[in-house]
Amino acid sequence: MRVSVPATSANLGPGFDALGLALDLRDRLEAEVLDEGLVVEVDGVGSDDVPRDERHLVVRAMRAAFEELGVQPPGLRLGCVNVIPHARGLGSSSAAIVAGVWLARELVAGGRLLLGDEGLLDLAARIEGHPDNVAPALMGGFVIAGQDADGTFYAVPSEVDPRIGAVVFVPPEPVSTELARGLLPEEVPHADAALNAGRAALLVAALGGRPEQLLRATADRLHQDYRRSAMPASLDLVDALRADGVPAIVSGAGPTVLAFTDTTDGLLARCPEGWAAHQLEVDSRGAVSW
């Protein structure tokens, strides 16, 4: 069985832990059942560092899905061709989790009847701990996601104007999500929370057909500046781009910087030395077999 899963950008400025967008930068994976053992093959990003045993995140996600489906195969072979940068705020771990649960479901006879798409999203979100990246990785496009008080995860797709694309600026050094999240305060001023609520609502409208509002709609006071000490160059680039009218944000927990655009004229030239820049379209497909 084969699956292709897109990169994602969460938060999108004001939508902390709630908004996510799929981007057309894809990992490709394949898996098959063996008579015994575990074989993990990795090409591309992470090929020198990721584990090749049961600790591999895709394998862990597959095991969780097999447990949910009530079966464990005697052996597995997993092949990964990775393109999404690791620990850069582009959803590499969510892509791995979505790929794992998807592949496991496809390898089990009747797997789609036993574990529907809602169940797949719930399982992926439980493994990741939150749905803002796994939802767009699974569903594609722009997704508003969260968790109800009873623990139920939800994900609601929303429209994206076809004129909108993105340029991502990827720095050479990673920043762990745990480190970035650990810099956030337990409480924030009421005025900051109110501003973010308004801007997150505006962002839904801006992405849906009012791209001229993207600069205003991507303003944030809840998380980005608190993380400046972990990624000063990223926040400096965000500040410089926004000062020039470009709706730029930190992607996810960083340190990648994402700039919304309907043209890349001159924007790729803003890439700092030693960084990588990618012009990407919004991915509307999500996880797909190939």
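Along each chain, residue indices are assigned from 1 in the same order as the chain's sequence is written. Only residues with pLDDT of at least 70 get local features here, since the model is predicted, and only at 80 or more are side-chain atom pairs given and counted; chain-wide, interface and lining totals rely on the full set of residues. Hydrogens are left out, water is left out, and the side-chain values use all remaining heavy atoms of the structure.

**Here's the deal with the pattern of salt bridges**
- Here, a salt bridge means any Lys or Arg side-chain nitrogen found within 4 Å of an Asp or Glu carboxyl oxygen. For the structure shown, the criterion picks out 22 salt bridges.
- Of the charged contacts in the structure, one is a salt bridge between Glu-106 and Arg-105, with a shortest N-O distance of 3.7 Å. Grouping residues by exposure puts Glu-106 and Arg-105 together as buried.
- The closest approach of N and O atoms between Arg-126 and Asp-122, which form a salt bridge, is 2.8 Å. Residue Arg-126 and its partner Asp-122 are located together in helix α4 (residues 117-128), separated by 4 residues, close to a single helical turn.
- We classify Arg-126 as partly exposed; its relative accessible area is 44%.
- Accessible area is worked out with a 1.4 Å probe on protein chains only. A residue is then buried under 20% of its type maximum, exposed over 50%, and partly exposed in between. Taking relative accessible area as the criterion, Asp-122 reaches 25% and is therefore assigned partly exposed.
- By sharing partners, the salt bridges in this structure join Arg-2, Glu-30, Glu-32, Glu-41 and Arg-77 into a single network. For helices the rule is a DSSP run of H or I covering at least 4 residues; for strands it is a run of E covering at least 2, with both sets numbered from the N terminus onward.

**Remarks on the sheet that holds strand β9 (residues 257-261)**
- Read from one edge to the other, the open sheet built from 4 strands follows the order β8-β9-β7-β10, with strand pairing classed as antiparallel. Every other strand in the sheet has two partners, leaving β8 (248-250) and β10 (276-281) as the edge strands with one partner each. Put simply, the sheet's adjacent strands are angled 25° from each other on average, direction ignored.
- Contacts between helix α9 (residues 232-243) and the sheet are confined to β7 (165-170), β8 and β9, with β8 contributing the most and set at about 165° to the helix. By this definition, two strands are paired if DSSP reports at least two bridges between them. Note on geometry: axes are C-alpha line fits, over the in-contact stretch for helices, and angles between N-to-C directions span 0 to 180 degrees. The contact criterion used is simple: two residues touch if any of their non-hydrogen atoms lie within 4.5 Å.

**Concerning helix α2 (residues 92-107)**
- Helix length check: α2 (16 residues) gives 22 Å between terminal C-alpha atoms against 22 Å at 1.5 Å per residue, within 8%.
- Burial runs high along α2: 14 of the 16 residues are buried. Take the number of residues in a helix, subtract one, and multiply by 1.5 Å to get its expected span.

**A word on the layout of surface pockets**
- Using protein atoms alone on a 1 Å grid, points that fit a 1.4 Å probe yet trap it form a cavity, whereas open point sets bounded by protein on both sides within 12 Å along at least five of seven lines form a pocket; residues with an atom within 4 Å of a point count as lining. Grid points are joined across faces, edges and corners, and a volume is the space filled by probe spheres set on the points. Approximately 890 Å³ is the volume found for the largest pocket.
- Forming the boundary of the largest pocket are 41 residues, of which Ala-87, Ser-92, Ser-93, Ser-94 and Thr-177 lie nearest the centre.
- Secondary-structure elements contributing two or more residues to the lining of the largest pocket are β1 (2-11), β2 (15-34), α1 (57-69), β4 (75-82), α2 and α6 (177-182).
- Looking at which element gives the most residues to the lining of the largest pocket, the answer is α2, with 6 residues.
- Note on residue classes: Ala, Val, Leu, Ile, Met, Phe, Trp, Tyr, Cys and Pro are nonpolar, Asp, Glu, Lys and Arg are charged, and everything else, Gly too, is polar. Counted by class, the lining of the largest pocket contains 15 nonpolar, 15 polar and 11 charged residues.
- Looking at which domains feed residues into the lining of the largest pocket, each of domain 1 (2-159) and domain 2 (165-281) gives three or more.
- The volume enclosed by the second largest pocket comes to roughly 200 Å³.
- Lining the second largest pocket are 14 residues, and of these Gly-141, Phe-142, Val-160, Val-282 and Ser-284 sit closest to its centre.
- Partitioning the lining of the second largest pocket into residue classes produces 7 nonpolar, 4 polar and 3 charged. Residue ranges assigned to each domain were obtained from an automatic or database domain assignment.

**Points about the UniProt feature "binding site: ATP" (unreviewed entry) in the chain**
- Here, the residues flagged by UniProt with the feature "binding site: ATP" (unreviewed entry) are Pro-85, His-86, Ala-87, Arg-88, Gly-89, Leu-90, Gly-91, Ser-92, Ser-93, Ser-94 and Ala-95. Of the annotated positions named here, the largest pocket is lined by Pro-85, His-86, Ala-87, Arg-88, Gly-89, Leu-90, Gly-91, Ser-92, Ser-93, Ser-94 and Ala-95.
- Positionally, Gly-89 belongs in the loop between β4 and α2.
- Residues in contact with Gly-89, not counting those within four places in the same chain, are Thr-8, Ser-9, Ser-251, Gly-252, Ala-253 and Gly-254.
- You can see Ser-93 is positioned in helix α2.
- Accessibility expressed as a relative area gives 28% for Ser-93, which makes it partly exposed.
- With sequence-adjacent residues up to four places away left out, Ser-93 is seen in contact with Leu-57 and Glu-128. UniProt positions are given in the numbering used here, feature names are shortened, and annotations may be inferred rather than shown by experiment.

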